[in-house]
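Single-letter residue listing:
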Amino acid sequence: MTRIARKTVGVLVFAVAACAQNPLSTPQDVEVGRRLFQTHCSYCHGSSGEGGRGPDLTTGQYRLGGSPEQLYRTIRYGIPGSEMPAVRASDDDVWRMAAFVGKIGSAGLDEKARGDASAGKVVYETKGKCAVCHSIGKDGGTLGPELTDIGRRRGIGYLEESLVKPEADVPVNSRAIRVATRSGQTIVGIRLNEDDLSIQVRDTNDSLRSFLKANIKEIRRDQPSLMPAYGSVLSGKELADLVAYLSSLRGVQ
Ligand code: HEC
Ligand code: HEC
């Protein structure tokens, strides 16, 4: 067998194995899975799987494995000892939800941006000053979400929108709040933790702040995104290049 032929057979075998693993993963199945997810899962994992009471499912990294079969099992049986319940649905519908989860964990994988990624890296580091709030790998700020694998988790359209209309889709864990203390201080930031007695906030200087609720006058949770809009700061080409750079960040696999 020639090298090319062997490679083709390998790809075919892989494709068949992948199908055999999730028998229900056509676009229609994924769409049904998305709707089932809204009913059974979104109140813990968020309506786009961005997380809330349960973990973010868009990262493509799952503690108990991300193969179709492993996702099927996690959803079918739940995670004993945790809040994650076994779902009440037919086996077919569980496969469809597994297909949907697989899809949101790799939304950007099939897409190719038209901009120039290396020019976009320069925009990121210089004019955009994105690293003040975001990290890639170990470097950068922590006020905004880590971007190490953003190109795998998010499609091109989402990335474009994040830059020009950041308030459109703010992940639950990044929603801004404003805390007014009894002593007259006002702090804007992102809520990290909260219990009956206290609340911890990462403020806009990227510092960790902790307040006793007894000392707080008011907490406002309906604040706009802390991510600046870049539509008027960057040119069309700079935006396209930046999107290409973000799309190229596929994380460490
Ligand atoms: C009552 C809240 C709740 C509901 C409802 C729920 N989950 Fe979860 N889910 C969790 C929690 C909490 C975890 C983390 C458990 C742990 O790792 O200890 C989790 C974990 C998971 C994981 C594994 C994540 C990982 O990193 O390994 C997947 C996949 C998942 N859920 C999918 C779903 C799907 C699909 C549904 C709907 C059928 C669903 N969950 C419904 C709370 C929930
Ligand atoms: C002042 C801090 C700040 C700066 C500067 C900033 N961001 Fe953000 N960014 C955030 C916050 C906070 C969020 C989460 C809230 C949201 O999505 O609107 C966010 C969200 C994002 C998201 C969506 C992430 C996701 O998982 O949904 C992307 C992509 C992004 N920023 C890229 C950039 C790029 C590229 C730059 C530089 C041009 C930049 N940001 C500059 C704070 C910042």
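Now for a look at the structure at hand. (Residues numbered from 1 in each chain as written. Chains lettered and ligands numbered in written order. Predicted model: local features only at pLDDT ≥ 70, side-chain atom pairs only at ≥ 80, totals over all residues. Heavy atoms only, no water.)

**Considerations on the packing of aromatic side chains**
Turning to step 1, where the next piece is worked out: Tallied over the entire structure, the rule returns three aromatic pairs.
Turning to step 2, where the next piece is worked out: Relative to phenylalanine 100, the ring of phenylalanine 37 has its centre 5.1 Å away and its plane inclined at 55 degrees; by these criteria the two rings are tilted. Taken together, the residues phenylalanine 37 in helix α2 (residues 27–40) and phenylalanine 100 in helix α5 (residues 91–104) connect sequence positions 63 residues apart. Pair check on accessibility: phenylalanine 37 and phenylalanine 100 agree, each one buried.
Turning to step 3, where the next piece is worked out: On the numbers, 4.2 Å between centres and 25 degrees between planes, the contact of tyrosine 72 with tryptophan 95 is stacked. Residue tyrosine 72 is located in helix α4 (residues 68–77), and its partner tryptophan 95 is located in helix α5; the two are separated by 23 residues in the primary sequence.
Turning to step 4, where the next piece is worked out: Its relative accessible area of 11% is what places tyrosine 72 among the buried residues.
Turning to step 5, where the next piece is worked out: The buried category is assigned to tryptophan 95, whose relative accessible area is 15%. (Phe/Tyr/Trp six-rings, centres within 6.5 Å; stacked < 30°, edge-to-face > 60°. Helix = DSSP H or I, 4+ residues; strand = E, 2+ residues; numbered from the N terminus. Buried < 20%, exposed > 50% of the residue type's maximum accessible area, 1.4 Å probe, protein only.)

**Things to note about the coordination of the iron atom of ligand 2**
Turning to step 1, where the next piece is worked out: Binding of the iron atom of ligand 2 to the protein goes through His134 (NE2) and Met227 (SD), at separations of 2.0 Å.
Turning to step 2, where the next piece is worked out: Viewed at the metal, the six donor atoms of the iron atom of ligand 2 are separated by angles of 88 to 179 degrees, and the geometry they form is octahedral. Here the residue histidine 134 occupies a position in the loop between α6 (117–125) and β1 (135–136), and methionine 227 occupies one in the loop between β7 (216–220) and α9 (236–248), the gap between them amounting to 93 residues.
Turning to step 3, where the next piece is worked out: Residue methionine 227 is classed as partly exposed on the basis of its relative accessible area of 24%. (Donors = N, O, S within 2.8 Å, 3.2 Å for Na, K, Ca; no water. Tetrahedral: all angles 85-135°; square planar, octahedral: opposite > 155°, others 65-115°.)

**Description of the site of ligand 2**
Turning to step 1, where the next piece is worked out: With respect to spatial proximity, 29 residues lie near ligand 2, and among them Cys130, Cys133, His134, Ser225 and Met227 are the closest.
Turning to step 2, where the next piece is worked out: At 2.8 Å from a nitrogen atom of ligand 2 is found a side-chain nitrogen or oxygen belonging to histidine 134.
Turning to step 3, where the next piece is worked out: The separation between an oxygen atom of ligand 2 and a polar side-chain atom of arginine 153 is 3.4 Å.
Turning to step 4, where the next piece is worked out: Among the elements of the structure, α7 (150–153), α8 (156–164) and α9 are those that each provide at least two residues to the shell around ligand 2.
Turning to step 5, where the next piece is worked out: Tallying contributions element by element places α8 first for the shell around ligand 2, with four residues.
Turning to step 6, where the next piece is worked out: Here the residues of the shell around ligand 2 are counted per class, giving 19 nonpolar, six polar and four charged. (Near = heavy atom within 4 Å. Polar contact = N/O pair within 3.5 Å; in protein donor to acceptor, adjacent residues only side chain to side chain. Nonpolar A, V, L, I, M, F, W, Y, C, P; charged D, E, K, R; others polar.)

**Structural notes on the packing of α8 against α9**
Turning to step 1, where the next piece is worked out: Interaxial distance between α8 and α9 falls to 10 Å at its minimum, and their mutual angle equals 125 degrees. Judged by the inter-axis angle, α8 sits oblique to α9. Of the two elements, α8 crosses α9, and the hand of that crossing is right-handed. Residue-level inspection shows Ile156, Leu159, Glu160, Leu163 and Val164 of α8 in contact with α9, the latter providing Leu239, Leu242, Val243, Leu246 and Ser247. (Axes fitted to C-alpha atoms, helices over the stretch in contact; angles between N-to-C directions. Parallel < 35°, antiparallel > 145°, perpendicular 65-115°, else oblique. Left-handed = near helix turned anticlockwise from the far one by under 90°. Contact = heavy atoms within 4.5 Å.)

**Topic: the site of ligand 1**
Turning to step 1, where the next piece is worked out: By nearness alone, 24 residues border ligand 1, and Cys41, Cys44, His45, Arg63 and Met84 come closest of all.
Turning to step 2, where the next piece is worked out: At 2.8 Å, a side-chain N or O of histidine 45 approaches a nitrogen atom of ligand 1.
Turning to step 3, where the next piece is worked out: At a separation of 3.2 Å, an oxygen atom of ligand 1 approaches a polar backbone atom of leucine 64.
Turning to step 4, where the next piece is worked out: For the shell around ligand 1, the elements supplying multiple residues, two or more each, are α2, α3 (42–45), α4 and α5.
Turning to step 5, where the next piece is worked out: Looking at the shell around ligand 1, its residues break down into 16 nonpolar, five polar and three charged.

**Comments concerning the pairing of strand β6 (residues 208–212)**
Turning to step 1, where the next piece is worked out: Examined bridge by bridge, strand β5 (residues 198–203) and β6 share five bridges and lie antiparallel to one another. Bridging from a neighbouring strand, valine 201 pairs with arginine 209 of β6.
Turning to step 2, where the next piece is worked out: Connecting the antiparallel pair β5 and β6 is a turn made up of four residues, with aspartate 206 showing a positive phi of about 70 degrees. (Pairing = 2+ DSSP bridges.)

**Things to note about the coordination of the iron atom of ligand 1**
Turning to step 1, where the next piece is worked out: Distances from the iron atom of ligand 1 to its protein donors, namely His45 (NE2) and Met84 (SD), fall within the range 2.0 Å.
Turning to step 2, where the next piece is worked out: For the iron atom of ligand 1, the six donor atoms are set out with angles of 86 to 179 degrees between them, so the coordination reads as octahedral. Here methionine 84 lies in the loop between α4 and α5 and histidine 45 lies in helix α3, a separation of 39 residues in the sequence.

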